[in-house]
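Structural description and commentary
Residues per chain are reported as follows:
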Amino acid sequence: MAESPNNGGHSNSKVTGVHREFSREEWLSIHNRSAGDYQRGEWVRESLLSVGKYRERMFSKARGKVLDVACGYGLNFGYLPHDIQLTAIEFSPVMLAMAKRHAHQLGLSVDIREGDAEDLGFTDNNFDTVISALSTCSFTDPVAALREMRRVCKPDGKILLVEHGRSQNELLGWYQDRNAAQMVEQGGCRWNQQPHELVKEAGLEILSNKRSLLGIFHSIQAIPGKTY
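None of the values given here were measured: they were computed from a predicted structure.

**Structural notes on the packing of helix H1 (residues 24-40) against helix H4 (residues 93-106)**
Helix packing geometry: the angle between the two helix axes and the distance between the axes. Contact geometry of H1 with H4 gives a least axis separation of 7 Å together with a crossing angle of 40°. Contacts between H1 and H4 involve Leu28, Asn32, Ala35, Tyr38 and Gln39 from the former and Pro93, Val94, Met95 and Met98 from the latter. In terms of residue class, the contact of H1 with H4 is built from seven nonpolar, two polar and no charged.

**Comments concerning the pattern of salt bridges**
A side chain with one charge can pair with a side chain of the opposite charge if their charged atoms come near. One pass over the structure, following the stated rule, counts 13 salt bridges. Between Arg113 and Asp111 there is a salt bridge whose closest N-O contact spans 2.6 Å. We classify Arg113 as buried; its relative accessible area is 11%. The shortest N-O distance in the salt bridge between Arg151 and Glu148 comes to 2.7 Å. In this pair, Arg151 and Glu148 are both assigned in helix H5 (residues 142-152), three residues apart and thus about one turn of the helix distant. On the basis of relative accessible area, Glu148 is assigned to the buried category, the value being 11%. A single network of salt bridges, built from pairs that share partners, joins Arg20, Glu26 and Glu185.

**Some thoughts on H4**
Along its 14 residues, H4 runs 20 Å from first to last C-alpha, staying within 8% of the 20 Å computed at 1.5 Å per residue. For H4, the set of buried residues is Met95, Leu96, Met98, Ala99, His102 and Ala103. Seen end-on, H4 carries its buried residues on one side only, within an arc spanning 165°. Facing away from the buried surface of H4 by more than 90 degrees, the exposed residues are Arg101, His104 and Gln105. Considering only its buried residues, H4 is in contact with H1, strand E2 (85-90) and strand E3 (111-114). Phi for Gly107, located one or two positions after H4, is positive at around 70°.

How each quantity is defined
Residues numbered from 1 in each chain as written. Predicted model: local features only at pLDDT ≥ 70, side-chain atom pairs only at ≥ 80, totals over all residues. Heavy atoms only, no water. Axes fitted to C-alpha atoms, helices over the stretch in contact; angles between N-to-C directions. Helix = DSSP H or I, 4+ residues; strand = E, 2+ residues; numbered from the N terminus. Contact = heavy atoms within 4.5 Å. Nonpolar A, V, L, I, M, F, W, Y, C, P; charged D, E, K, R; others polar. Salt bridge = Lys/Arg side-chain N within 4 Å of Asp/Glu carboxyl O. Buried < 20%, exposed > 50% of the residue type's maximum accessible area, 1.4 Å probe, protein only. Expected span 1.5 Å × (residues − 1). Arc of directions from axis to C-beta.

This is the structure:
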């Protein structure tokens, strides 16, 4: 059994990459408040925008001991193979309760824990596969969180990400930039970031990155890369 996450290291942390400074407590409040809206938007996001297909394509590759970072309300669970050992981490207590209900509805055994992505609290080289979906936009510190995923992933393991960011269409990208502050305030979402650049900055080696829907969505397959 993996160690329990240590939640004590981020009580005074600040949120990076946003237009104004948020405390961790403010950031958590935003995500607790928007949890219901996120779930209600499932059909549009997962079916109309095809995010469900991206999850299925990426997360069917998971093997062995798997960690789902920022599991939200557990939407990734149903896309994973049945023969894995799954641990899931989520920092929002509201989302955490929803994830536990979802796992129960699916009849799955999932070790679901409250914890911060930036301080996972597991030993190095612990998991065969680390997954996360639509989460780098909402981490307190995206690069720190990705480095933690890298740290807990085995050297021969994989990190599978389904992310979103700034569109390759300049008009749509301009619209995202113009409304970025509002998106952060309303839902804690940095929707104009570049997730593949954050992945590189964290020291991960990208094996593939398939972009979809005007370049907004990224399906990234990466490995831990060299340790410096």
